[in-house]
Amino acid sequence: MKQKSIPFNKPFLTGKELQYIEAAVKLGKISGDGEFTKRCHSFFQHKFRFEKNLLTSSCTDALEMCALLIDIKPGDEVIVPSYTFVSTATAFALRGAKLVFCDSDPQSPNMSLDHLSKIITPNTKAIVIVHYGGVAIDMDRLIEIINSSANKITIIEDAAHSIDSYFRNKPLGGIGDLGCFSFHETKNVISGEGGLLTVNNPLYSSRAEVIREKGTNRSSFFRGEVDKYNWVDIGSSFLPSEVTAAFLFAQLENIEEIQKKRTSLWQRYKNRLHDLPARYGIQVPTIPEYATANGHLFYIVCSSLEERTALIHHLRENGIHATFHYQALHISPFAKKNYASEPLPQAERYSDCLVRLPLFYDLDLSEVDYISDSVQNFFKINSK
Ligand SMILES: *Cc1c(COP(=O)(O)O)cnc(C)c1O
């Protein structure tokens, strides 16, 4: 029998990506903010009702724009989850923020709102939340916690995992003051590198355009609102080229197809592995009644680092590339040097014990069955 080889992730085409890139060139403009960027912006407005959409060259860029927009100054307190990608933190570290790390929940890698309510202080300026795997944080409870604080706290959603996922019918990324999406090749909808800033609080709308265009009012100039464009603020080059936007728009046109496929793969894993908690004490994702599953990632949480290492090794022997995820930020070399943190036991547990299984558009249900069987076999052999 031929040895199987299932990668962890694989970029994919849905149909018109290359055709649209060619079309962008023929339209005579492949720098930013051309026809395909406009089409992407209007897609997000119509599909998700996001008020103001600005494509960026990455989610990291969108997060950096947030730090500029809310005027983070050295020493300002910003709460971020410990169990997240570094960009959630570095975007604010760049402006000199004092980062305060929040632990995860025992039930899911999402931020623990119990812990959050203990670490908010009168100096908390912003909270950056991550809906891990596209599964919403309880936004009602989060907003209640924030409203009971005396100071004004800005909510930024790092919605990198969360396209087409919802909290009680509200699309994620559209609930906080600002939202940030990623179209990196590992996400649901891809353009290689790419991102989106959604401005949900109109307070930030006009300045967001300026910051994205190197601190100039060039966007107003193109709309004919001013007769020349000037340097009016700080900023940088945060916009993607039309080559990226053209690729992305082709994917967005097929978002329903992509989501249908990914959620069916996710559901199959869930069905095949639903008995792991009861049989072996292994944690699997659960979806609270207020949240949806958008098929971004499927994970299981082992009982120890040793068990996880052995499982990854076992899967590799069967030709399956499974992988761990984040390393808790509060114990990273940079954070240890720069920010004080208490131990965060849940974030540390997910760092050591969580495994992500392959999940990408071109994966088949039969491959999910094969992977699930390999996982089941591992626990059957190794459980005492
Ligand atoms: C992928 C990811 C990012 C970074 O996205 P880029 O588009 O690669 O900059 C940020 N936050 C989270 C939670 C992510 O998963």
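See above for the structure.
Residues numbered from 1 in each chain as written. Predicted model: local features only at pLDDT ≥ 70, side-chain atom pairs only at ≥ 80, totals over all residues. Heavy atoms only, no water.

Draft legend 1. Seen up close, the pairing of strand S1 (residues 52–56). Counted residue by residue, S1 has 5 buried out of 5 residues, so it is predominantly covered. The alternating pattern of S1 places Lys52, Leu54 and Thr56 and Asn53 and Leu55 on opposite faces, both of which are buried. (Buried < 20%, exposed > 50% of the residue type's maximum accessible area, 1.4 Å probe, protein only. Helix = DSSP H or I, 4+ residues; strand = E, 2+ residues; numbered from the N terminus.)

Draft legend 2. Fine view of the packing of aromatic side chains. Applying the stated criterion across every chain yields a total of 25 aromatic pairs. Arranged with centres 5.1 Å apart and planes meeting at 80°, the rings of Phe378 and Phe379 form a pair that is edge-to-face. Given the relative accessible area of 3%, Phe378 is considered buried. Classification of Phe379 as buried rests on a relative accessible area of 2%. What links up through ring pairs into an aromatic cluster is the set Phe43, Phe44, Phe48, Phe50, Phe181 and Phe183. (Phe/Tyr/Trp six-rings, centres within 6.5 Å; stacked < 30°, edge-to-face > 60°.)

Draft legend 3. Main features of the site of the ligand. Around the ligand there are 15 residues in total, and Thr60, Asp158, His161, Ser182 and Lys187 lie nearest to it. In this structure, an oxygen atom belonging to the ligand sits 2.8 Å away from a side-chain N or O atom of His161. Contact with the protein chains hides 93% of the accessible area of the ligand, taken as 390 Å² for the molecule alone. Its atoms largely coinciding with the cavity grid, the ligand occupies the largest pocket. Of the residues belonging to the shell around the ligand, the class tally is 5 nonpolar, 8 polar and 2 charged. (Near = heavy atom within 4 Å. Polar contact = N/O pair within 3.5 Å; in protein donor to acceptor, adjacent residues only side chain to side chain. Areas by Shrake-Rupley, 256 points an atom, 1.4 Å probe, with all protein chains shown as cover. 1 Å grid on protein atoms, 1.4 Å probe; cavity = no way out; pocket = protein on both sides within 12 Å on 5 of 7 lines; lining within 4 Å. Sits in = over half its atoms within 2 Å of the grid points. Nonpolar A, V, L, I, M, F, W, Y, C, P; charged D, E, K, R; others polar.)

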